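# Coordinate analysis (summary)
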Amino acid sequence: GKRATVRYIGDVRFAKGEWVGLELADAVGVHNGNVMGVPYFECPATKGVFAQPAQLSKATLAGVKAAAEDEEPETLPSKEKTADGSISLGQQVMWTGKKSIV
């Protein structure tokens with residue numbers, strides 16, 4: 001899996017269901033948090049991906065710290081947790097999905 005930080009949780013305009021916006025630790029993503037002109041979150045270019053909660057697991061790497069809280073940009077409002085409560089904003093996770101368009 002790839003280490004990532006949760007930056008957005010909620011509905012999206014490109015698909016049905018609950019999606020999780022991730023900022024990947026490495027530049028292997030496909031966007032900067034903006035998908036098809038909709039700003040969901042901000043991150044460096046090529047570090048952003050969206051995943052479904054089932055594609056994520058909690059990171060268990062020693063020494064992983066939560067990202068610093070910065071001022072939030074003008075983006076769509078995010079939920080604090082996924083519907084089942086297993087994933088939270090700012091949480092470190094491992095992404096097991098494959099690179100795609102989101």
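Provided above is the structure to which this section pertains.
Let me sum up the structure you'll find in this document. Nothing here was measured: the structure is a model prediction, and the numbers come from that model.

## Thoughts on the overall build of the protein chain
Across its full length, the protein chain holds 0 helices and 7 strands. Counting from the amino terminus, the protein chain carries its helices and strands in the arrangement β-β-β-β-β-β-β. Buried residues in the protein chain amount to 36% of all 102 residues. At a minimum sequence separation of 6, the contacts of the protein chain that also span at least 24 residues come to 61%. Split by element, the accessible area of the protein chain, about 6,100 Å² in all, is 50% carbon and sulfur.

## Let's talk about the environment of A45
As for its placement among the helices and strands, A45 is situated in the loop between β4 (38-39) and β5 (48-51). Between the C-alpha atoms of A45 and G29, which are 16 residues apart in sequence, the distance is 7.9 Å. Setting aside residues up to four positions removed in sequence, A45 forms contacts with H31 and N32.

## As for the packing of aromatic side chains
Evaluation of the coordinates by the stated rule reveals 7 aromatic pairs. Considering the side-chain rings of F14 and Y40, the 6.1 Å spacing of their centres and the 85 degrees angle between planes classify their relative orientation as edge-to-face. Of this pair, F14 sits in the loop between β1 (2-10) and β2 (19-24) while Y40 sits in the loop between β4 and β5, and the two are 26 residues apart along the sequence. On the numbers, 5.1 Å between centres and 80 degrees between planes, the contact of Y40 with F50 is edge-to-face. Taken together, the residues Y40 in the loop between β4 and β5 and F50 in strand β5 connect sequence positions 10 residues apart. Neither Y40 nor F50 differs from the other in exposure class; each is buried. Here the aromatic residues Y8, F14, W19, Y40, F41 and F50 are joined through ring pairs into a cluster of three or more.

## Side note on the environment of L24
Mapped onto the elements of the fold, L24 is located in strand β2. Expressed as a C-alpha distance, the spacing of L24 and V6, which sit 18 residues apart in the sequence, is 8.8 Å. Excluding residues within four positions of it along the chain, L24 makes contact with K2, R3, A4, G29, K47, V49 and W95.

The rules behind the values
Residues numbered from 1 in each chain as written. Predicted model: local features only at pLDDT ≥ 70, side-chain atom pairs only at ≥ 80, totals over all residues. Heavy atoms only, no water. Helix = DSSP H or I, 4+ residues; strand = E, 2+ residues; numbered from the N terminus. Buried < 20%, exposed > 50% of the residue type's maximum accessible area, 1.4 Å probe, protein only. Contact = heavy atoms within 4.5 Å. Areas by Shrake-Rupley, 256 points an atom, 1.4 Å probe, with all protein chains shown as cover. Phe/Tyr/Trp six-rings, centres within 6.5 Å; stacked < 30°, edge-to-face > 60°.

Read these as layout, nothing more, since geometry by itself doesn't imply function.
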